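Take a look at the letters that make up each chain.
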Amino acid sequence: QVQLVESGGGLVQPGGSLRLSCAAVGSGFSINAMAWYRQAPGKQRELVARITSGGTTNYADSVKGRFAISRDNAKTTVYLQMNSLNPDDTAVYYCNADIRKLGDWVARPYWGQGTQVTVSS
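Note that this is a predicted model, so its numbers are computed, not measured.

## Comments concerning unusual backbone geometry
Right, on to step 1. You will see that Lys75, though not glycine, has its phi angle at about 65 degrees, which is positive.
Right, on to step 2. One can find Lys75 in the loop between strand S7 (67-71) and strand S8 (77-82).
Right, on to step 3. Residue Lys75 is classed as partly exposed on the basis of its relative accessible area of 37%.
Right, on to step 4. Here Ser84, not a glycine, exhibits a phi torsion of approximately 50 degrees, which is positive.

Shown next as structure tokens:
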């Protein structure tokens, strides 16, 4: 059994910073790309940032220069450093990972439970 466990959301004032973490827990798996998505009320879920196993990153235009995605050396934890937050960043943030379990031929997408980020004064 593999789970993605998120932490780090909360309430922050405009211009502030937050750091989200997502750890893959379990055994017998390998991870390809990891990513963060977000979903604001009444909107579709959108990709925020993605990082491959080789360290290549890409970002939504709306967060470029403000957010940074990274992984730990074991590559089982992904972080999202969010700076210069504004109210438009308010959403539930979801961790996503392409995980291949031992014995499986292909990787499948796994999702975290979501963590609320609210930017408000």
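## A few points about the packing of aromatic side chains
Right, on to step 1. Taken as a whole and judged by the stated rule, the model has one aromatic pair.
Right, on to step 2. The ring of Tyr79 has Arg19 lying over it, and the distance from NZ or CZ to the ring centre is 4.1 Å.
Right, on to step 3. The positively charged end of Arg45 is found above the aromatic ring belonging to Trp111, 4.7 Å away from the centroid.

## Observations regarding the pairing of strand S5 (residues 46-51)
Residues in a regular strand project their side chains so that they alternate between the two faces of the sheet.
Right, on to step 1. Taken together, the five bridges between strand S4 (residues 29-39) and S5 define a ladder with antiparallel strand orientation. Within S5, the position partnered with Arg38 by the bridge is Glu46.
Right, on to step 2. Here S4 folds back onto S5, and the loop between the two strands holds six residues, one of which, Gly42, carries a positive phi near 75 degrees.
Right, on to step 3. Sheet analysis places S5 next to strand S6 (residues 57-59), joined by three bridges and oriented antiparallel. Bridging across to S6, Ile51 finds its partner in Thr57.
Right, on to step 4. Remark: five residues form the turn of the hairpin made by S5 and S6, two consecutive strands paired antiparallel; Gly55 in that turn has positive phi of roughly 100 degrees.

## Let's talk about the nonpolar core
Right, on to step 1. The biggest cluster of nonpolar side chains holds 30 residues, and the ones touching the most others in it are Trp36, Val48, Phe67, Val78, Leu80, Met82 and Tyr93.
Right, on to step 2. Secondary structure elements with two or more residues in this core: strand S3 (18-25), S4, S5, S7, S8, strand S9 (91-101) and strand S11 (115-119).
Right, on to step 3. With five residues, the top contributor of residues to this core is S9.

Parameters at a glance
- Every chain begins its residue count from 1, and numbering advances along the sequence as written.
- At least 70 in pLDDT is required for a residue's local features to be given in this predicted model, at least 80 for side-chain atom pairs to be given and counted, and no such filter applies to totals for whole chains, interfaces and linings, which use all residues.
- As a rule here, side-chain values come from all non-hydrogen atoms in the structure, and water together with hydrogens is ignored.
- Numbered from the N terminus, helices here are DSSP runs of H or I no shorter than four residues, and strands are runs of E no shorter than two.
- For every residue, the accessible area obtained with a 1.4 Å probe (protein chains only) is divided by the maximum for its type, and the residue is called buried under 20%, exposed over 50%, and partly exposed between those limits.
- Centres within 6.5 Å make a pair out of two Phe, Tyr or Trp rings, where for Trp the six-membered ring is used; the pair is then stacked when the planes are under 30 degrees apart, edge-to-face when over 60, and tilted otherwise.
- Charge over a ring is defined by NZ of Lys or CZ of Arg lying within 6 Å of the ring centre and within 35 degrees of the ring normal.
- Pairing between strands is defined by DSSP: at least two bridges between them are needed.
- By nonpolar core we mean a set of buried residues, namely Ala, Val, Leu, Ile, Met, Phe, Trp, Tyr and Cys, connected to one another through side-chain atoms within 4.5 Å.

In short, the description is geometric, and any link to function would need to be established separately.
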